[in-house]
Amino acid sequence: MSQEKYIEKVLQCFHIDKAKIVSTSLALHFKLRSRQAPFNDKEKDDMQHVPYASAVGSLMYAMVCTRPDIAHVVSVVSRFLSNPGIEHWKVVKWILRYLRGTSNLKLCFRIGKLVLCGYTNSDMARDVDSRKSTSGYLITFA
């Protein structure tokens, strides 16, 4: 299952179709906080013209259908949907640049040997607002 055409259409919509490709879905130099939300009228007015919610919605659709690799980063940027700042928008553009380089990835279902495989990862206090740790797991079968 592939969404290559959909991803290319989204990239064109947000003018990222010619942007430089990045190799990770979220770089370590991004540290998103709720304090990065706009706090004065000029910043709020500037963010009114940014299609943040639309871009995050497009990412969510791709994530749910065929791109589970961006699930974590989409959940991170969706935390700021009610009041995004310019730094949050930079992360959304970063994710779109990642999709530009990986738009040809797809889910493949094959017939063959059944293998159960599990992966786990954790991040100690990565959420800089609450200082909570994050852990996750992935189990694949077949």
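Worth saying up front: this structure is predicted, and the values here are computed from it rather than measured.

**Student:** Lay out the environment of Arg 67 in plain terms, naming residues and giving numbers.
**Tutor:** Locating Arg 67 in the fold gives a position in the loop between α3 (52-65) and α4 (71-78). By relative accessible area, Arg 67 is classed as buried at 1%. Counting along the chain gives 64 residues from Arg 67 to Gln 3, while the straight-line C-alpha distance between them is 8.6 Å. Discounting residues that sit within four places of it in the chain, Arg 67 has contacts with Ile 7, Ala 62, Tyr 98, Leu 99, Thr 102, Ser 103 and Leu 105. A polar contact is formed between the side chain of Arg 67 and the side chain of Thr 102, at a distance of 2.8 Å.

**Student:** An account of the pairing of strand β2 (residues 134-141) is requested, with residue identities and associated values reported.
**Tutor:** Among the 8 residues of β2, 0 are classified as buried, and the element is accordingly described as predominantly exposed. Bridge count between strand β1 (residues 116-123) and β2: 8 bridges; the pairing is antiparallel. Each residue of the ladder has a partner; that of Ser 122, found in β2, is Ser 135.

**Student:** Mind laying out the packing of α3 against α4, listing which residues take part and the relevant values?
**Tutor:** Between α3 and α4, the shortest axis-to-axis distance is 10 Å and the interhelical angle comes to 155 degrees. Taken together, the axis directions place α3 and α4 in an arrangement best described as roughly antiparallel. Judged by the sense of rotation from one axis to the other, the crossing of α3 with α4 is left-handed. Taking contact as the criterion, the partners of Tyr 52, Val 56, Leu 59, Met 60 and Met 63 in α3 are, on α4, Ala 71, Val 74, Val 77 and Ser 78. Within the contact of α3 with α4, the residues separate by chemical class into 8 nonpolar, 1 polar and no charged.

Conventions used here
- Residues numbered from 1 in each chain as written.
- Predicted model: local features only at pLDDT ≥ 70, side-chain atom pairs only at ≥ 80, totals over all residues.
- Heavy atoms only, no water.
- Helix = DSSP H or I, 4+ residues; strand = E, 2+ residues; numbered from the N terminus.
- Buried < 20%, exposed > 50% of the residue type's maximum accessible area, 1.4 Å probe, protein only.
- Contact = heavy atoms within 4.5 Å.
- Polar contact = N/O pair within 3.5 Å; in protein donor to acceptor, adjacent residues only side chain to side chain.
- Pairing = 2+ DSSP bridges.
- Axes fitted to C-alpha atoms, helices over the stretch in contact; angles between N-to-C directions.
- Parallel < 35°, antiparallel > 145°, perpendicular 65-115°, else oblique.
- Left-handed = near helix turned anticlockwise from the far one by under 90°.
- Nonpolar A, V, L, I, M, F, W, Y, C, P; charged D, E, K, R; others polar.

Purely geometric stuff here, so don't read any function into it on its own.
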